[in-house]
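Here is how the chains run, residue by residue.
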Amino acid sequence: MQAIEVPVICAPLSRPSLPASVMAELSHLPMAGRPPPDEPLHVHILVGMDYYWSMRVIFGAACSPFLLIATIQYHLEKYPPSRAVRELQTSLYMDDFVSGCDTEQGARELLTEAQSILSDAGMELTKCTSNSELVLDRTHALAGSPEDESVKVLGLRWLPDRDVFVFEDVSLPDNVVPTKRVLLSLIARLFDPMQWLAPHTMVAKCLFQDLWRIGLGWDEILPPELCDVFSDWVRGLEVLKQMEIPRSYFSSGWNGGESVSLHAFGDASPKGYGAVVYVCAPREDGSRDVCLVMAKARVAPIAAHTLPRLELLGSLLAARLVVFVRRALQLPETTPSLCWTDSRIVLGWVQADPARWKQFVSNRTALRLSRAQMRLRRSRQL
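The structure reproduced in this document is the subject of the present report.

Criteria and cut-off values
- All residue numbers here refer to positions counted from 1 along the written sequence of the relevant chain.
- Totals for whole chains, interfaces and linings use all residues, but because this is a predicted model, local features are given only for residues with pLDDT of at least 70 and pairs of side-chain atoms are given and counted only at 80 or more.
- Each side-chain value is worked out from all heavy atoms of the structure, with water and hydrogens disregarded.
- By nonpolar core we mean a set of buried residues, namely Ala, Val, Leu, Ile, Met, Phe, Trp, Tyr and Cys, connected to one another through side-chain atoms within 4.5 Å.
- Throughout, exposure labels follow a simple rule: accessible area from a 1.4 Å probe, protein chains only, divided by the maximum for the residue type, with under 20% read as buried, over 50% as exposed, and the rest as partly exposed.
- A helix here means a DSSP run of H or I that spans at least four residues, while a strand means a run of E at least two residues long, and both kinds are numbered starting from the N terminus.
- Contact between two residues is taken to exist if any of their heavy atoms lie within 4.5 Å; hydrogens are not considered.
- One bridge is not enough; two strands pair if DSSP finds at least two bridges between them.
- Axes, fitted as lines to C-alpha atoms, cover a helix only where it is in contact. Angles between the N-to-C directions of the axes lie from 0 to 180 degrees.
- Any carboxyl oxygen of Asp or Glu within 4 Å of a side-chain nitrogen of Lys or Arg constitutes a salt bridge here.

Quick look at the nonpolar core now. Of all hydrophobic cores here, the largest spans 61 residues; its most connected members are Leu-183, Trp-233 and Val-279. Per-element accounting of this core gives the leading share, 10 residues, to helix 8 (residues 307–328). Among all residues touching Trp-233, those that are not within four sequence positions of it are Leu-183, Leu-186, Ile-187, Leu-190, His-200, Thr-201, Val-203 and Ala-204. Counting 17 residues, the second-largest nonpolar core is a separate cluster that includes Leu-76, Val-85, Ile-117 and Leu-118.

Quick look at the structure:
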């Protein structure tokens, strides 16, 4: 039976804003005896004329993810509302659970309650990992797992001792041949759900689009001028291994995000467009802490678009991204959220009635931008 990996205390987007973080594995999938006929959650199998009742939650079948989540959600309904129940309900990603707390004591209490709740379902927390020594002692007492130098959190490599995300798994095969097939393979090797590496990956994606434009075959060698771009990009992969992204947004407590604000920046070029979201929080001395949350970048469509239209796509991406981040971080709807652009044309499109414009502009300004607070970002402010 495969273990279920459940890091117990980390915020959404796999990059928590809380100082204390814990990770653990959940083993022993729930098993039960023959359930009564009125029990709602079972797997019924009809083979020929025989009728079977599944005695456990199976793992490895196409329906296994649904069965696992449904079983856990059904089990949590038996408990009164609490912090641990809410975290288990909202921060469980298939078999990964990540959460966090403002204090180490709060993390220990959350871990203890989660352990008790899951034990009632026949599950056991194992291989616990934390960036806090106080919480780590507690998790090791529960699971008895050795401390690892680095662990994977939802596919990202995390170093608990330094509390940073790294990209040390980036590797290159021997004797790389510059072809379109190899380029696509290297792009797929970079697992970057938060798109922190977007400035690097966009170079490869634009190069891949150029190869399609010239009609190059999958296994044909790249032209000399494009081969140089490919070589520079491949050398940049070694630089990615030196990058470290802090897991926690701020060194102080999160405090429910009452005083934070979100700022999204959208921009475009003839090659592509993108957006990035930052979270900002005031300090006691009047200064502000600003931290990168996530980004999103896309290659410009092959069908030619004017630069103002690409700027509009970037602004729309920023508006969508800031809404996604606010929900993922569980911030109140009243959280100040600003979208910034350096295009006066886009700002004019957004502030006017969408019915005035052609369909391309009208549809996009009416979708999301009309509900987003847009501000003009002048070039000299960059």
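Back to the write-up after that little detour.
Strand order in this open sheet of four strands is 9-10-11-12, and the pairing throughout is antiparallel. Looking at strand neighbours, the two that pair on one side only are strand 9 (151–153) and strand 12 (244–246), the edges of this open sheet. Pairwise comparison of adjacent strand axes, ignoring direction, gives a mean angle of 40° for this sheet. When strand 11 (residues 164–166) meets strand 12, the two strands line up antiparallel, connected through three bridges.

Another point: the pattern of salt bridges. Summed over all chains, the structure comprises 11 salt bridges. Across the pair Asp-289 and Arg-283 runs a salt bridge, and its minimum N-O distance is 2.5 Å. Looking at Asp-289, the relative accessible area reads 18%, which means it is buried. We classify Arg-283 as partly exposed; its relative accessible area is 43%. A salt bridge links Arg-326 to Glu-333, with the shortest nitrogen-to-oxygen separation between them at 3.3 Å. Judged by its relative accessible area of 59%, Glu-333 falls in the exposed class. Several salt bridges converge on common partners, so that one network encompasses Asp-210, Arg-213 and Lys-271.

So, to be careful, I would describe these as geometric facts and stop short of saying anything about function.
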